[in-house]
Amino acid sequence: MPALYILIPVAIALVAFAIWLFFWAVDSGQYDDLDGPAHSILFDDEDPKHTAAVSQVQQLDEPQPEQDKPGV
């Protein structure tokens, strides 16, 4: 029973802190842009023009030299 005299105020303080933390996060704009971080993973910050992908496509578009096919 004496443990309840300690645990109940600690639990109330913990709930009050969690509520304060939630309202602080909302007020500071933590939940303003929920879709931006999800889409930002699709873009490469180190290569903004995606030159690696462009060079691969250009290599694929170049005409390939015809090879001699045996039996044709």
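Refer to the structure printed above.
The model shown is predicted, which means the values in this text are computed figures rather than measured ones. (Residues numbered from 1 in each chain as written. Predicted model: local features only at pLDDT ≥ 70, side-chain atom pairs only at ≥ 80, totals over all residues. Heavy atoms only, no water.)

### Describing the overall build of the protein
The line we're drawing: Under the DSSP-based scheme used, a helix requires at least four consecutive residues in state H or I and a strand at least two consecutive residues in state E, with every element numbered from the N terminus. Exposure classes here rest on a 1.4 Å probe applied to the protein chains alone. A residue is buried below 20% of its type maximum, exposed above 50%, and partly exposed in between. The Shrake-Rupley method, run with a 1.4 Å probe sphere, supplies the accessible areas, and residue values consider only the shown protein chains as cover.
A count of helices and strands for the protein gives three helices and zero strands. Secondary structure elements in the protein, listed N-terminal to C-terminal, are α-α-α. Considering the protein as a whole, with its 72 residues, one finds that 3% of them fall into the buried category. For the protein, the accessible surface area stands at approximately 7,300 Å², while carbon and sulfur atoms represent 65% of it.

### Observations regarding the packing of aromatic side chains
When we look at a pair of aromatic rings, we describe it by the centre distance and by the angle of the planes. So the rule is basically this: Within 6.5 Å between ring centres, the rings of Phe, Tyr and Trp (the latter by its six-membered ring) count as paired, and their orientation is classed by plane angle as stacked under 30 degrees, edge-to-face over 60, tilted in between.
By the definition in use, this model includes three aromatic pairs. Between F22 and Y31, the aromatic rings sit 6.3 Å apart at their centres with planes inclined by 40°, giving tilted as the arrangement. Linked through ring pairs, F22, F23 and Y31 together constitute an aromatic cluster.

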